[in-house]
Amino acid sequence: MIKVGDREVAWRPGMTLADLLEEALEDGDFYAVVRLDGKLVSRPNFATTKVADGAQVELIPMVAGG
Amino acid sequence: MTSISLKEIKTFTYERPAIERGYANQTLYIDLSRNFIEIRPVSRQMKDVFIGGKGFDLWLLWQAVKPDTKWNDPENAICISSGPMGGTPAYPGSGKSIVTALSPATGTVIDSNVGGYFGPYLKFSGFDALQVQGKAGEPAVIFIDGVEEKVRIFSARDLPDDAYALSEALTEHFGGKKRRYISVVSAGTGARNSLMGCLNFSWYDPKRKRARYKQAGRGGIGTVFEDKGIKAIVARWDSVSLDTNNPADKEALKKVAKLHSREIVELDPKQNQMSKIGTTHLVPIMNDFDLLPTNNYKFGQDPRAILIGREVYEALFDPGFDGCWLGCTVACAHGVRDFVPVTGPYKGKKVFVDGPEYETVAGCGSNLGIWDPHVILEFNFYCDAYGLDTISIGTSFAFVMECYEMGLIDSRATGGLELNFGNRPAALELLHQVARGEGFGKIVGQGIRRMKKIFAEKFGADPAVMEDIGMESKGLEFSEYMTKESLAQQGGYGMALKGPQHDEAWLIFLDMVHNFMPTFEQKAEALHWFPMFRTWFGLCGLCKLPWNDIVPEDNKDTEEPAKVMKHVQWYAEYFYAVTGRKVGPDDLITMSEAVYNFQRIFNLRMGFGRREHDTIPYRAVGPVTVEEYESRRERYDRQLKEKHGVDIEGKDTAEKVALLRKFRQELYEKLKDAVYKRRGWTADGIPTLATVKRLKIDFPEVVEVLKANGVTE
């Protein structure tokens, strides 16, 4: 299982962050940055970042900060 | 108590008024040329139209100066104000001060927003705003003592020259055992010897037992401060509670403050973790999206960014509470304990560094090709201590380094400094030279606009190339974001009233990453709403971070997630709770519009404020050089083919650079048209008479400025 915020999502081998956001969230494309097990990962790296079983993912809303 | 020698030359005794609904209802005027002190009333109209903070500052400055006033004329005024909500201890981010003056960098109005305790202490001492004109004959310390109800002017010859030691010494001298009740505003030698001086606003950190500070960085107000012969302005107040600001509806205030404060405590650890790492999380994120300025904004990405990112500073920051105002749960003002500089007057001594924030990391790090977190800390420390703006220093040094690498200037110009990107010792030596006003540093401290002229006249550098790569607009250096792929943010910088600072609009993610505003009209709407709402924080004494850096978990499901409307509604309730004026979200925008348009007309009065002044260098718009184009060739080739319908077969890179430039510059001009129309301005970027009437700023002198510039409808 993977925890996305407070939600549990089923894990599968080879799963990437891009897969996770597309499969588990209706609004996955809203997120440009997530925190995966404490480390920030940005959208350009979602497709190449593997998610381990038991991972904790926090969704970081970044829209108009700065 | 530190033994420092201050000679009292003027004492002014007053009766402190009760604060009413966030206002003291009077301002403090000081003319240092005459040692004259006077209290002036705040009118109902001032509160209705200008609200407070930046609005009050602008109104006072407008009265103080004439169209031909220069930044170093005695009549130029430094105005400091918090705002009606400033000084509320329970609502996050409610301790800001806004400073304005005529800027040595731009020649027109500059405003800068800063934390620290000064603004609230000034208000609770009895003054909504402070206005200082004139020039002191000897270095002066102004002491506004709300406890003793006295304003005193001292002459001070032997005080420390740098803000780091001076803040500490004056906090101890005036605070004794109650240092928490002191806030010091000071600049430093760098501010005196350059045109990019900042002001340091202190707050006392009881846990670390030291004065900390935040900076009003932009536009050289610290230079004006030094030019006036001011060594420091000190405010003293007593303990602060919710009652100190005497809000109109305390229960409503408690309720809304609790909601926002608790939400931050709950969500910041899940989101940006600003209470742990400040804004340093932006470094890796900007790098990933090709937005981290690198080597004078040539590139937006470098694999070494990880060396100066979030993890590194998280390890370096001294853990503990770092709120720059009481009760702020964002608490992002982090610092590094026991840092030991390797150069300059503090070489080998342990110091506390207040920072760095993202802007300093990018400006004095990646943009200079410096990937060393300790050198960035050293820049941070000395810029603060010398009273220099880290953004203008970083962006100016980046320009110099590119000029040096391009051969536009050589080591004869730089006094032997080899200013290649990444040369850490040379960059630090240049910083000390700027602060001392010596050698090549004396030229660099003038800022990019003047450097371009000096390099052309003195060293024969190509003016056209420098126009393209010198990252300034209106005379102010750009802050630290890449804008080449975000037309909206090009507008956010280019059409910002004071010059290219991101505090008016930060639209890169909305525009480039999320593509939420594909049309010109949508971009123009964003370049109306966001600058207006962000302006509102500066009217009220607030920090904008709690608004949209930590957002409700259901925000993404709202109609306009970028605006974080739940928080906007809270701010409307907060405004009512303090001032008693019932308002909704739209009213907040209208309040800002009045002040925003007034500032645009103020610019016009000073000879700026037209379409031509919203020009930005091409480096902010697209690739200037073949090297830049080639580094992102796939992206640019695709745009030429798919977006602009160009057959690129057989065209060399130089031709493609020229074609892309033509298209992108046309788009920027079209954006200006759309934004001016949305804001109710003429095609030349001037507010129409109908606009100023709608906003109730049609004072005779405002209408006269419009008429003098051909606007009569």
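Everything quoted here is computed from the prediction, not taken from an experiment.

### With respect to the sheet that holds strand β1 (residues 7-13) of chain B
Residue and element names in this part refer to chain B. Taken in spatial order, the seven strands make up an open sheet running β1-β9-β8-β13-β10-β11-β12, and their pairing is mixed. The open sheet has two free edges, formed respectively by β1 and β12 (210-216), since each of these has just one partner strand. The mean angle between the axes of side-by-side strands here comes to 20°, regardless of whether they run parallel or antiparallel. Inspection of the sheet shows β1 paired to strand β9 (residues 150-155) by six bridges, in the antiparallel sense. Of the residues in β9, the one forming a bridge with E8 is F154. Helix-sheet contacts for helix α4 (residues 163-175) involve β8 (140-145), β9, β10 (182-186), β11 (199-205), β12 and β13 (230-236), and the interaxial angle to β10 is about 145°.

### Considerations on the nonpolar core
All names here are of chain B. M286, F379, F455, F509, F533, W536 and Y571 are the most contacted members of the largest nonpolar core, which has 182 residues in total. Among the elements that line this core, the one with the most residues is helix α20 (residues 520-540), at eleven residues. Once residues within four sequence positions are removed from consideration, F379 is found in contact with C364, L368, I370, I393, F397, A427, L428 and L431. In terms of nonpolar packing, the next biggest core, distinct from the first, is built from 50 residues, L28, V114, I144 and L199 among them.

### Some remarks on the packing of helix α23 (residues 585-605) of chain B against helix α28 (residues 700-708) of chain B
Residue and element names in this part refer to chain B. At a minimum axis separation of 10 Å, α23 and α28 run at an interaxial angle of 55°. By the angle between their directions, the pair α23 and α28 is classed as oblique. As α23 packs across α28, the resulting crossing turns out to be left-handed. The segment α23 lies against α28, with F598, I601, L604 and R605 engaging V702, V705 and L706.

### Overview of the pattern of salt bridges
Two side chains of opposite charge can pair, provided their charged atoms sit close to one another. Residues and elements named next belong to chain B. Under the defined criterion, the tally for this structure stands at 67 salt bridges over all chains. Between D161 and R192 there is a salt bridge, and its shortest N-O distance comes to 3.2 Å. Of this pair, D161 sits in the loop between β9 and α4 while R192 is found in helix α5 (residues 189-193), placing the two residues 31 residues apart along the sequence. Of the residues examined, D161 reaches a relative accessible area of 36% and is grouped as partly exposed. Exposure remark for R192: the relative accessible area of 39% places this residue in the partly exposed category. The partner of K270 in a salt bridge is E553, with the nearest N and O atoms 3.5 Å apart. Placement of the pair is K270 in the loop between α7 (250-267) and α8 (274-277) and E553 in the loop between α21 (545-548) and α22 (565-579), with a sequence separation of 283 residues. In the salt-bridge network here, residues are joined through shared partners; they are D205, R208, R212, D318, D322, R337 and D354.

### Quick look at the pairing of β11(B)
Residues and elements named next belong to chain B. For β11, the buried fraction is high: seven of the seven residues fall into the buried class. Taking every second residue as pointing to the same face, both faces of β11 are buried, with L199, F201, W203 and D205 on one and N200, S202 and Y204 on the other. Where β10 meets β11, two bridges bridge the pair, whose relative direction is antiparallel. If you follow V185 over to β11, its bridge partner there is F201. As paired elements, β11 and β12 share seven bridges and run antiparallel to each other. Residue pairing for β12: D205 is matched across the bridge by R210. Adjacent in sequence and paired antiparallel, β11 and β12 are bridged by four residues, among which K209 carries a positive phi angle near 55°.

### Structural notes on unusual backbone geometry
Residue and element names in this part refer to chain B. Backbone torsion omega between G355 and P356 reads 5°, so that peptide bond is classified as cis. When you line up the elements, P356 lands in the loop between β15 (351-354) and α11 (358-364). With a phi angle near 50°, N295 is a residue other than glycine that sits in the positive phi range. By relative accessible area, which is 17% here, N295 ends up buried. A positive phi is found at Y297, a non-glycine position, where the angle reads about 65°. Relative to the helices and strands, Y297 resides in the loop between α9 (282-288) and α10 (310-316).

### With respect to the interface of chain A and chain B
In this assembly, 23 residues from chain A lie in contact with 32 residues from chain B. Linking chain A with chain B are one salt bridge. For the interface between chain A and chain B, the tally reads four residue pairs in polar contact (both at pLDDT 80 or more). Elements represented by at least two residues in the side of chain A that touches chain B include exactly β3 (33-36), β4 (39-42) and β5 (56-60) of chain A.

### Considering the pairing of strand β5 (residues 97-102) of chain B
Residue and element names in this part refer to chain B. Within β5, six of the six residues are buried, which leaves the element mostly enclosed by the surrounding structure. By the alternation rule, side chains of β5 split into S97, V99 and A101 and I98, T100 and L102, which are all buried. The sheet contact formed by strand β4 (residues 78-81) and β5 spans three bridges and is antiparallel. Within β5, the residue paired with C79 across the bridge is T100. In the sheet, β5 pairs with strand β6 (residues 109-114) via six bridges, with the strands oriented antiparallel. The residue of β6 that forms the bridge with L102 is V109. Between the end of β5 and the start of β6, which pair antiparallel, lie six residues, with G107 showing a positive phi angle near 85°.

Criteria and thresholds
- By convention here, each chain's residues receive numbers from 1 onward along its written sequence.
- Each chain is given a letter, starting from A, and each ligand a number, starting from 1, according to the order in which they appear as written.
- pLDDT decides what is reported in this predicted model: residues at 70 or higher carry local features, side-chain atom pairs at 80 or more are listed and counted, and totals for whole chains, interfaces and linings draw on all residues regardless.
- Hydrogen atoms and water are omitted, and side-chain values are computed over all heavy atoms in the structure.
- Each pair of strands is called paired provided DSSP finds at least two bridges between the two strands.
- Going along the chain from the N terminus, every DSSP run of H or I of four or more residues is numbered as a helix, and every run of E of two or more is numbered as a strand.
- To obtain each axis, a line is fitted to C-alpha atoms, and for helices this fit is confined to the stretch in contact; angles are then taken between N-to-C directions over 0 to 180 degrees.
- Residues count as neighbours in contact if any of their non-hydrogen atoms are within 4.5 Å of one another.
- Among buried residues, the Ala, Val, Leu, Ile, Met, Phe, Trp, Tyr and Cys ones that are joined through side-chain atoms within 4.5 Å form a nonpolar core.
- Residue burial is assigned from relative accessible area. The probe radius is 1.4 Å, only protein chains are included, and a residue is buried under 20% of its type maximum, exposed over 50%, and partly exposed in between.
- What sets the label is the angle itself: under 35 degrees gives roughly parallel, over 145 gives roughly antiparallel, 65 to 115 gives roughly perpendicular, and the rest give oblique.
- Helix crossings fall into two classes, left-handed where the near helix is turned counterclockwise from the far one by less than a right angle and right-handed where it is turned clockwise.
- The term salt bridge refers to a pairing of a side-chain nitrogen on Lys or Arg with a carboxyl oxygen on Asp or Glu at a separation within 4 Å.
- As used in this structure description, the phrase polar contact means that two N or O atoms lie within 3.5 Å; if the pair is within protein, one of them must be able to donate a hydrogen and the other to accept it, and residues adjacent in sequence are counted only when both atoms belong to side chains.

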